[in-house]
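If you want the building blocks of each chain, they are given just below.
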Amino acid sequence: MSRPIRIILLLVGAMALVAGCRREEPDEPVPQTGGPSPYTLNIPANLPPMAQPADNPLTEEGVRLGRFLFFEERLSGDNGMSCASCHKPALAFSDGKAVSKGIDSIAGTRSAMPLINAGYGQFFFWDGRASSLEQQALEPVTNPIEMHDTWPNVMAELQADAVYPALFKRAFGTDQIDSLLVAKALAQYMRTLISGNSPFDKFRRGEGTISADAQAGYTLFNLEGGAPGQLIPVAGSTPVIGQGGADCFHCHTADAGLFTDEQFHNNGLDAVPADAGRAGVTGNAADLGRFKTPTLRNIMATAPYMHDGRFATIDEVLDHYNSGGHPSATVDPFMKFTDPDMELGLDPAKRAQIKAFLQALTDEEFLNNPAFQDPGPPQL
Ligand code: HEC
Ligand code: HEC
């Protein structure tokens, strides 16, 4: 018998022994199924199915643990800040501030993003620098302008807790807590934050109605901007014919019910962006001032708006789009009205209709969902 095979056999034997000993412990009942129970996501019919990573499938135990961790202040350097400090359920998991402050009261330069249907996302953060929720969840803990802690410190604190090791054991089969498992549990909880029961959704599913204004607003949302029949130039592409609409659908794509195209655009906020946005990640000058298109679900609950929270109200946002925004080398071709002589042309009646539509995206069941709220201290 060769040496490696002997070592493997020895290891297998040792593992069997350990497993055998565990099974004999009378006071620790081992569930018959031997693992955590799958968690069934309740996805409304007008939203697409949600893919889950093969190495982190949703389980009841994982989601429950993730919820405790999301509200856990021991994840921060002064044990006074949790994820929920900046991502509050009642504000669709945003924080109501233009830019967020961390434990050292140092203000960041970006606004806390709402967490809505994040499980569908392919890129996270305003600049898309994380490509999974698991990867994203590792960052705030050590970020000096957020929770400013160290992973060894956090892991030691959780490991020393009376309950957490058992919760990790139930969710992941080990009571040895590490940062990757914390991130996996947080990601599982965040995948359950699904919003799809706004009045607009119920209207789409034929379960209810929304006002005539809101319906007209939805139509405008999905029509090209510019006077009907007018030929509107699109940089680097064929011109489009104006339809008197609001032009929002190009980026806040409504078809799949997600209101984002998961792409990065410069929506004309600045001629010279103070924040490089996507270019800070790719190093590509063409990405200057490009940011991830945010969803518009629950938008009435997530003011102030944009990556730096510069607009306090939806009216200010509509003013911006109506003016066309600032021209620049990287402004999106679909911002077609940056020429100072041109305007999108939303009159007060149209603006009121678009606002009524955006209001119909407020999902009270999501904002008040008991399953998303602070569960209190961890419990078995
Ligand atoms: C101090 C406030 C603060 C705390 C605490 C905080 N966040 Fe955030 N969060 C932000 C800000 C600001 C952004 C946007 C940052 C950026 O784009 O650079 C963000 C972005 C995110 C995103 C990206 C969402 C998207 O659609 O791309 C996720 C997910 C997220 N945070 C989850 C968490 C989790 C999980 C925790 C706890 C481990 C946490 N946050 C703690 C402020 C905070
Ligand atoms: C060219 C693509 C594009 C078009 C067209 C567009 N948006 Fe946006 N929108 C974005 C991007 C990208 C952001 C984030 C920009 C940032 O923060 O720097 C954004 C941000 C927003 C926000 C703020 C969201 C938040 O969470 O802070 C609102 C509200 C909004 N858009 C509404 C609209 C409406 C209404 C229309 C149509 C009148 C529209 N958008 C047209 C790409 C677009």
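All of these numbers come straight from a predicted model, not from anything done at the bench. (Residues numbered from 1 in each chain as written. Chains lettered and ligands numbered in written order. Predicted model: local features only at pLDDT ≥ 70, side-chain atom pairs only at ≥ 80, totals over all residues. Heavy atoms only, no water.)

Some thoughts on a negative patch on the surface
A contiguous patch of negative charge on the surface is contributed by Glu73, Asp78, Asp104 and Asp374. Along the polypeptide, Glu73 turns up in the loop between helix 2 (60–70) and helix 3 (83–86). By relative accessible area, which is 38% here, Glu73 ends up partly exposed. (Patch = residues over 30% accessible without salt bridge, like charges linked within 9 Å, V, L, I, M, F, W, Y side chains within 5 Å. Areas by Shrake-Rupley, 256 points an atom, 1.4 Å probe, with all protein chains shown as cover. Salt bridge = Lys/Arg side-chain N within 4 Å of Asp/Glu carboxyl O. Lys, Arg positive; Asp, Glu negative; His and termini not counted. Charge placed at Lys NZ, Arg CZ, Asp CG, Glu CD. Helix = DSSP H or I, 4+ residues; strand = E, 2+ residues; numbered from the N terminus. Buried < 20%, exposed > 50% of the residue type's maximum accessible area, 1.4 Å probe, protein only.)

A closer look at the pattern of salt bridges
Overall, the coordinates contain 17 salt bridges when judged by the stated rule. In this structure, the salt-bridge partner of Asp319 is Arg351, at a minimum N-O distance of 2.7 Å. Within this pair, whereas Asp319 is found in helix 12 (residues 314–323), its partner Arg351 is found in helix 13 (residues 348–359), the two being separated by 32 residues in sequence. The exposure class assigned to Asp319 is partly exposed, which follows from its relative accessible area of 41%. A network of salt bridges, in which partner residues are shared, links Arg110, Asp127, Arg129, Glu139 and Asp275.

Considering the pairing of strand 2 (residues 237–241)
One ladder, built from three bridges, connects strand 1 (residues 231–234) with strand 2; its direction is antiparallel. Across the sheet, the residue bridging to Val234 is Ser237, located in strand 2. Once strand 1 ends, the chain turns through two residues before running back antiparallel as strand 2, passing Gly236 with a positive phi of about 70 degrees. (Pairing = 2+ DSSP bridges.)

Details of the coordination of the iron atom of ligand 1
There is one protein donor for the iron atom of ligand 1, and it is His87 (NE2), at 2.1 Å. Within the fold, His87 resides in the loop between helix 3 and helix 4 (133–137). (Donors = N, O, S within 2.8 Å, 3.2 Å for Na, K, Ca; no water.)

Some words on the domain arrangement of the protein
The domains assigned to the protein are domain 1 (33–40 + 53–195 + 367–372) and domain 2 (199–362). Just the C-alpha atoms count here: the centres of domain 1 and domain 2 sit 30 Å apart. At the junction of the two partners, domain 1 supplies 27 residues and domain 2 supplies 22 residues. Regarding the contact of domain 1 and domain 2, the summed buried area is about 2000 Å², with carbon and sulfur atoms giving 59% of it. The largest share of the area that domain 1 buries against domain 2 comes from Phe123, Trp126 and Asp127, three residues that together contribute 30% of it. At the junction of domain 1 with domain 2, the criterion picks out one salt bridge. Residue Asp275 pairs with Arg110 through a salt bridge whose shortest N-O separation is 2.8 Å. Taken together, the links from domain 1 to domain 2 amount to nine residue pairs in polar contact (both at pLDDT 80 or more). (Domains from an automatic or database assignment. Contact = heavy atoms within 4.5 Å. Buried area = accessible area lost by both parts, 1.4 Å probe. Polar contact = N/O pair within 3.5 Å; in protein donor to acceptor, adjacent residues only side chain to side chain.)

Quick word on the site of ligand 1
Inspection of the region around ligand 1 gives 24 residues, with Cys83, Cys86, His87, Phe125 and Lys292 positioned closest. Here Trp126 contributes a backbone N or O atom positioned 2.9 Å from an oxygen atom of ligand 1. Here Lys292 contributes a side-chain N or O atom positioned 2.8 Å from an oxygen atom of ligand 1. Taken together, the elements giving at least two residues each to the shell around ligand 1 come down to helix 3, helix 4 and helix 8 (179–191). The residue makeup of the shell around ligand 1, split by class, is 14 nonpolar, five polar and five charged. (Near = heavy atom within 4 Å. Nonpolar A, V, L, I, M, F, W, Y, C, P; charged D, E, K, R; others polar.)

Structural notes on the coordination of the iron atom of ligand 2
Around a metal, the ideal angle is 109.5 degrees if four donors adopt a tetrahedral arrangement and 90 or 180 degrees if six donors adopt an octahedral arrangement. All of the protein donors around the iron atom of ligand 2 are His252 (NE2) and Tyr321 (OH); their distances to the metal are 2.0 Å. What the six donor atoms of the iron atom of ligand 2 show is an angle range of 85 to 178 degrees at the metal, which sorts the shape as octahedral. In this pair, His252 is assigned in the loop between strand 2 and strand 3 (264–265) and Tyr321 in helix 12, connecting sequence segments 69 residues apart. Tyr321 gets classed as partly exposed once you look at its relative accessible area, which sits at 22%. (Tetrahedral: all angles 85-135°; square planar, octahedral: opposite > 155°, others 65-115°.)

With respect to the environment of Pro48
Within the secondary structure layout, Pro48 lies in the loop between helix 1 (3–24) and helix 2. A relative accessible area of 24% places Pro48 in the partly exposed class. Separated by 54 residues in sequence, Pro48 and Gly102 place their C-alpha atoms 35 Å apart. Look past the residues within four positions of Pro48 in its chain and what remains in contact with it is Ile43, Tyr120, Ala256 and Leu258.

Quick word on the nonpolar core
Residues Leu69, Phe70, Leu75, Tyr164, Leu186 and Met190 are the most contacted members of the largest nonpolar core, which totals 46 residues. Of all elements in the fold, only helix 2, helix 3, helix 4, helix 6 (151–159), helix 7 (164–172), helix 8 and helix 14 (364–367) reach the threshold of two or more residues within this core. The element contributing the most residues to this core is helix 8, with eight residues. For Leu186, the residues in contact, after removing those within four places along its chain, are Gly66, Leu69, Phe70, Leu75, Cys83 and Ala137. Of all hydrophobic cores here, the second largest spans 32 residues; its members include Phe337, Leu344, Ala360 and Leu361. (Core = buried A, V, L, I, M, F, W, Y, C linked by side-chain atoms within 4.5 Å.)

Let's talk about the site of ligand 2
Of all residues adjacent to ligand 2, which total 24 residues, the nearest are Cys248, Cys251, His252, His307 and Tyr321. Between an oxygen atom of ligand 2 and a main-chain N or O atom of Met306, the distance comes to 2.7 Å. The separation between a nitrogen atom of ligand 2 and a polar side-chain atom of Tyr321 is 2.7 Å. Counting only elements with at least two residues in the shell around ligand 2, the list comes to strand 4 (291–292) and helix 12. Here the element with the most residues in the shell around ligand 2 is helix 12; it accounts for four residues. Here the residues of the shell around ligand 2 sort into 16 nonpolar, five polar and three charged.

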